[in-house]
Amino acid sequence: MTATPTPTGLALVLIVAGIILAFTASLAALISGHRLLMAVAAVGFALQLAGWVAHGRRHGGAA
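Caption draft 1: Highlighting the overall build of the protein chain. In terms of regular secondary structure, the protein chain is built from two helices and zero strands. Long-range pairs, those at least 24 residues apart, make up 55% of the contacts in the protein chain between residues at least 6 apart in sequence. A total accessible area of about 4500 Å² is found for the protein chain, and carbon and sulfur atoms account for 74% of it.

Right, dumping it as structure tokens:
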């Protein structure tokens, strides 16, 4: 059984920042009803995706 590589460096920063931004903005949008906050949450999801893509490229696509 092989160990699953965990994200490090810039990939980890992007993933964590994306999670925090997406969660905070989507929760704030749910509470306040502002649609602009959902766009901010989408940016957080995009950051998270970019982090996972960077992590996957580092490991040859086999993350």
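After presenting the structure, the write-up continues.
Caption draft 2: Focus on helix α1 (residues 9–32). Given a rise of 1.5 Å per residue, 24 residues ought to cover 34 Å, and the 34 Å separating the end C-alpha atoms of α1 matches this to within 8%. What α1 keeps buried is the set Ala11, Ile15, Gly18, Ala22, Ala25 and Ala29. Elements that come into contact with the buried residues of α1 comprise α2 (36–58). After α1 finishes, the residue Gly33 shows a positive phi value of roughly 85 degrees.

Rules behind the numbers
- Residues numbered from 1 in each chain as written.
- Predicted model: local features only at pLDDT ≥ 70, side-chain atom pairs only at ≥ 80, totals over all residues.
- Heavy atoms only, no water.
- Helix = DSSP H or I, 4+ residues; strand = E, 2+ residues; numbered from the N terminus.
- Contact = heavy atoms within 4.5 Å.
- Areas by Shrake-Rupley, 256 points an atom, 1.4 Å probe, with all protein chains shown as cover.
- Expected span 1.5 Å × (residues − 1).
- Buried < 20%, exposed > 50% of the residue type's maximum accessible area, 1.4 Å probe, protein only.

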